[in-house]
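Each chain, letter by letter, is given below.
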Amino acid sequence: MGFSVSGSAAIIFVGLFIAFGMWQTAASNSFERVSEAQSDRSDAALDEQNTAIVVDSASTTDGDLTVTATNTGSTALSLNRTDLLVDNDYQTGWQGDVLFDGSQKPVDLWLPDEQITITVTTTGSRVKLVTESGVSDATEVTS
């Protein structure tokens, strides 16, 4: 065996070593991303299981709709990520008009066992409140 055979074998082995290093890094990063995605999905499913709300009442007075709801789950909810629908029409701007424990507070966090009162200037016959995880409750509007 001359130098050409030994040299070419060395070049092939170095190339294989570099290729394996690149493949191992890519495979490791891919596995890590998949594991993180599965963990995030498990956390989201647990949050969904622990989320529950009840729309206690909805009534109309002089063109204002007042909705009272309670967070009956064990997860704190974001009011900015909670949606209000009246007769399937999405309502905007109501997050700044929420009553907590009898006083109006500009907060975003809706804690477990807290009751909120939402007032919007609209009328309708059905109200639905939807949380960020998709859990919802609906009720008929009374006059």
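Definitions and cut-offs
Residues numbered from 1 in each chain as written. Predicted model: local features only at pLDDT ≥ 70, side-chain atom pairs only at ≥ 80, totals over all residues. Heavy atoms only, no water. Patch = residues over 30% accessible without salt bridge, like charges linked within 9 Å, V, L, I, M, F, W, Y side chains within 5 Å. Areas by Shrake-Rupley, 256 points an atom, 1.4 Å probe, with all protein chains shown as cover. Salt bridge = Lys/Arg side-chain N within 4 Å of Asp/Glu carboxyl O. Helix = DSSP H or I, 4+ residues; strand = E, 2+ residues; numbered from the N terminus. Buried < 20%, exposed > 50% of the residue type's maximum accessible area, 1.4 Å probe, protein only. Pairing = 2+ DSSP bridges. pLDDT = per-residue confidence, 0-100. Lys, Arg positive; Asp, Glu negative; His and termini not counted. Charge placed at Lys NZ, Arg CZ, Asp CG, Glu CD. Axes fitted to C-alpha atoms, helices over the stretch in contact; angles between N-to-C directions. Phe/Tyr/Trp six-rings, centres within 6.5 Å; stacked < 30°, edge-to-face > 60°. Core = buried A, V, L, I, M, F, W, Y, C linked by side-chain atoms within 4.5 Å.

**Focus: a nonpolar patch on the surface**
Where nonpolar side chains cluster on the molecular surface, the patch consists of Val14, Phe17, Ile18 and Met22 and spans about 470 Å² of accessible area. Checked against the element boundaries, Val14 lands in helix H1 (residues 3–49). According to the relative accessible area criterion, Val14 is partly exposed, its value standing at 49%.

**Here we look at the pairing of strand S4 (residues 83–86)**
In S4, alternate side chains face the same way, and those of Leu84 and Val86 are buried while those of Asp83 and Leu85 on the opposite face are not. Pairing analysis gives four bridges linking S4 to strand S10 (residues 126–130), with the strands arranged antiparallel. Bridge assignment links Leu85 to a residue of S10, and that residue is Lys128. Both S4 and strand S5 (residues 89–91) contribute to a ladder of three bridges, which runs antiparallel. Paired with Leu85 across the bridge in S5 is Tyr90.

**Side note on the confidence of the model for the protein**
Mean pLDDT over the protein works out to 86, with 90% of the residues at or above the 70 mark. No element of the protein has a lower mean pLDDT than strand S6 (residues 98–100), at 65, and none a higher one than S10, at 94.

**Here's the deal with a negative patch on the surface**
Where like charges cluster on the molecular surface, the negative patch consists of Glu32, Glu36, Asp40, Asp43 and Asp47. Among the secondary structure elements, Asp47 is positioned in helix H1.

**As for the sheet that holds S10**
Overall, antiparallel pairing links the four strands, which are arranged S5-S4-S10-S11 in an open sheet. Looking at which strands have only one partner, the edges of the open sheet turn out to be S5 and strand S11 (136–140). The average angle at which neighbouring strand axes cross in this sheet is 25°, direction not considered.

**Focus on the pairing of S10**
Pairing of S10 with S11, which is carried by five bridges, proceeds in the antiparallel orientation. Of the residues in S11, the one forming a bridge with Val130 is Ser136. The loop that links S10 with its antiparallel partner S11 comprises five residues; one of these, Gly134, has a positive phi angle of about 95°.

**Comments concerning the packing of aromatic side chains**
Counted by the stated rule, this structure contains one aromatic pair. Each ring, one from Phe20 and one from Trp23, has its centre 5.8 Å from the other, and the planes form 35°; the classification is tilted. Of this pair, Phe20 and Trp23 both sit in helix H1, three residues apart, which is roughly one turn of the helix. Residue Phe20 shares its accessibility class with Trp23, and that shared class is exposed.

**Description of unusual backbone geometry**
Phi at Asp62 is positive, roughly 50°, even though this residue is not glycine. Inspection of the secondary structure puts Asp62 in the loop between strand S1 (53–61) and strand S2 (64–71). The phi torsion at Asn88 lies on the positive side, around 65°, for a residue other than glycine. Relative to the helices and strands, Asn88 resides in the loop between S4 and S5.

**Here's the deal with the nonpolar core**
Residues Leu65, Val67, Leu84, Trp110, Ile118, Val127 and Leu129 are the most contacted members of the largest nonpolar core, which totals 18 residues. Elements that contribute at least two residues to this core include exactly S1, S2, S4, strand S9 (115–120) and S10.

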